[in-house]
Amino acid sequence: MRIDHLRTIIAAVIILPALFTSCGPFSETRTDRSAALNGGFEVSSDGLPVNWSFYSPATLPGSDFTVQTDSTGPFEGTYSLLFSVKTCSPEGGRLSPGMFRELEAEPNSTYQLQFAVRNDGSRFRAAAGGVTAKSGTLTELITSDEPWKEWKDLSFEVTVPEDSRRLRFELSILQPGSVRVDGFRFRKVR
């Protein structure tokens, strides 16, 4: 074997594993089919509600925050979801603390998305829209830094385009503070 080939093989053995380990996951998900939507965040595993995906401390090493279920004054049921953020990116999406869920949807149909929020010193953004495996457009539903000490029940209608069969909902925390979320509901209205 020539020296050049040997060097290439050695470099590949050293560099490729380093590349794959440095590209961590973009989100974390725990799954439990028996929990269905889990919009009240009542069922969790390893501290995260099941059937939701999270941009968590494990996927955002440059941020300082926690995300957990909490039993202090939920909107419904026993738990709500609490984001306690000390530092984060204001960009949103996979660059900021947050969560998302993709739901089966019918093309050219309109869905009502409802959820309750309490906000203490933070800024958050919720967006939703039709997506496919390779594309999609999310429309901003709300961006707010208003302090809501009491639960604010929000409701939005989102139409899924004809080329989509999934509806994605995403919530991003954009600045330090705490945001509680609970009571996520989803239904077809037309």
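K.L.:
Any details on the sheet that holds strand β10 (residues 139-144)? Residues and values, ideally.
P.N.:
Taken in spatial order, the 6 strands make up an open sheet running β1-β4-β7-β12-β9-β10, and their pairing is antiparallel. Edge positions in the open sheet fall to β1 (28-29) and β10, since each of these has one partner strand only. When strand β7 (residues 98-104) meets strand β12 (residues 166-175), the two strands line up antiparallel, connected through 7 bridges. Bridge pairing links Glu-102 to Arg-168 in β12.

K.L.:
Break down the sheet that holds strand β8 (residues 110-120) for me, with residues and values.
P.N.:
Think of a sheet as strands paired side by side through backbone hydrogen bonds, with each pair either parallel or antiparallel. Spatial ordering of the open sheet is given by β5-β6-β13-β8-β11, a layout of 5 strands whose pairing is antiparallel. Every other strand in the sheet has two partners, leaving β5 (64-70) and β11 (148-159) as the edge strands with one partner each. Across the sheet, the mean angle from the axis of one strand to that of its neighbour is 20°, orientation sign disregarded. Bridge analysis of strand β6 (residues 80-87) against strand β13 (residues 177-188) gives 5 bridges, and the strand direction is antiparallel. Looking across to β13, one finds that Phe-83 is bridged to Val-179.

K.L.:
Can you explain the environment of Trp-151? Please cite residues and give values.
P.N.:
Checked against the element boundaries, Trp-151 lands in strand β11. Residues Trp-151 and Val-181 lie 30 residues apart in sequence; the distance between their C-alpha atoms is 8.8 Å. Apart from residues no more than four positions distant in its own chain, Trp-151 is found in contact with Gly-73, Pro-74, Phe-75, Ser-80, Ala-116, Val-117, Arg-118, Arg-180, Val-181 and Asp-182. A distance of 2.9 Å separates a polar side-chain atom of Trp-151 from the backbone oxygen of Gly-73.

K.L.:
An account of unusual backbone geometry is requested, with residue identities and associated values reported.
P.N.:
A positive phi angle, close to 60°, is found at Asn-38, a residue other than glycine. Here Asn-38 shows up in the loop between β1 and β2 (44-45). A positive phi angle, close to 60°, is found at Asn-108, a residue other than glycine. Turning to its location among the elements, Asn-108 is positioned in the loop between β7 and β8.

Here is what the cut-offs are and how they apply
- Residues numbered from 1 in each chain as written.
- Predicted model: local features only at pLDDT ≥ 70, side-chain atom pairs only at ≥ 80, totals over all residues.
- Heavy atoms only, no water.
- Pairing = 2+ DSSP bridges.
- Helix = DSSP H or I, 4+ residues; strand = E, 2+ residues; numbered from the N terminus.
- Axes fitted to C-alpha atoms, helices over the stretch in contact; angles between N-to-C directions.
- Contact = heavy atoms within 4.5 Å.
- Polar contact = N/O pair within 3.5 Å; in protein donor to acceptor, adjacent residues only side chain to side chain.

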